[in-house]
Amino acid sequence: MKFEEVVKKAEKPSIELVERYKVKFETNKRYSNEDKIQKLIVEKIFDKDKYETILLTVVLINELYSTNIYRTDLITEHIYINRNTIHTLIKNGESKAIELVAKGHGIKELNFYSFASKYCNYFNPEEFPIYDSYIENMLCAYKVQDTSFEKFKRSSLKDYETFRNIIRKFRSHYELENFKLRDIDKFLWLYGKELFSVI
């Protein structure tokens, strides 16, 4: 199935559609357990001043979200060294946290943008929606399907402030304000996974 065919197939976002995928997510044992692990880490285990808890968080995100970081030790050390700045930025919802986590770790100068969005989301999910290729594809599909939604280039989604604003505009454009950003994340990701994994 081609991208254009997926665009035609995708249902228009609605309260009912998002609710349906929220239930699908929550009743999927694997996905719901991942949410429980996130809550457990944040509320019971995490201590930004301990290298070990940062390492545990990095390893879990890498494993659960398949972010393909092969040197979790270097990412952990990078976050640990910059922990006060990073976690203050996350707490305040400042998008600069994404770049600080994603770069400067010394792993071939790679930009771990998707990982950074997931790390920041762990601690402030309402300010840091997750960037993922399925979510990117869904936003682009709805842009093509509904020209009144939002005009943007696919490449602009790699700028986190732009990406976050588009997610918020998506929520308001389709009158989904009753849903948390985390619910919108889940909808775009799970529906995107269903539609785009067949391409």
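Just above, that's the structure.
Definitions and cut-offs
- Residues numbered from 1 in each chain as written.
- Predicted model: local features only at pLDDT ≥ 70, side-chain atom pairs only at ≥ 80, totals over all residues.
- Heavy atoms only, no water.
- Helix = DSSP H or I, 4+ residues; strand = E, 2+ residues; numbered from the N terminus.
- Rg over C-alpha atoms; globule rule 2.2 N^0.38 Å.
- Buried < 20%, exposed > 50% of the residue type's maximum accessible area, 1.4 Å probe, protein only.
- Expected span 1.5 Å × (residues − 1).
- Contact = heavy atoms within 4.5 Å.
- Lys, Arg positive; Asp, Glu negative; His and termini not counted.
- Salt bridge = Lys/Arg side-chain N within 4 Å of Asp/Glu carboxyl O.
- Polar contact = N/O pair within 3.5 Å; in protein donor to acceptor, adjacent residues only side chain to side chain.

(A) How the structure looks around the overall build of the protein chain. Counting its regular elements, the protein chain contains 11 helices and zero strands. Going from the N terminus to the C terminus, the protein chain shows its helices and strands as α-α-α-α-α-α-α-α-α-α-α. Taken against the 2.2 N^0.38 rule, which gives 16 Å for 199 residues, the C-alpha radius of gyration of the protein chain at 17 Å falls within 12% of a compact globule. For the C-alpha atoms alone, the extent of the protein chain along its principal axes is close to 50 × 35 × 30 Å. Out of the 199 residues belonging to the protein chain, those deemed buried represent 48%.

(B) A look at helix α10 (residues 160-173). Relative to the 20 Å expected for 14 residues at 1.5 Å per residue, α10 spans 19 Å between its end C-alpha atoms, a close match to the ideal helical length. Those residues of α10 hidden inside the fold are in contact with α7 (96-102), α8 (113-123), α9 (133-145) and α11 (181-196). Residue E175 follows α10 closely and has a positive phi angle near 55°.

(C) Local environment of the side chain of D146. On the secondary structure map, D146 appears in the loop between α9 and α10. Here D146 sits buried without a salt bridge, and the closest side chain of opposite charge, K12, lies 5.8 Å off (N-O distance). At a separation of 2.9 Å, a polar atom in the side chain of D146 contacts the side chain of H173.

(D) Quick look at unusual backbone geometry. The backbone phi angle of K108 is positive, close to 50°, even though this residue is not glycine. A positive phi angle, close to 55°, is found at E109, a residue other than glycine. Relative accessible area serves as the criterion here: at 68%, E109 is assigned to the exposed category.

Read these as layout, nothing more, since geometry by itself doesn't imply function.
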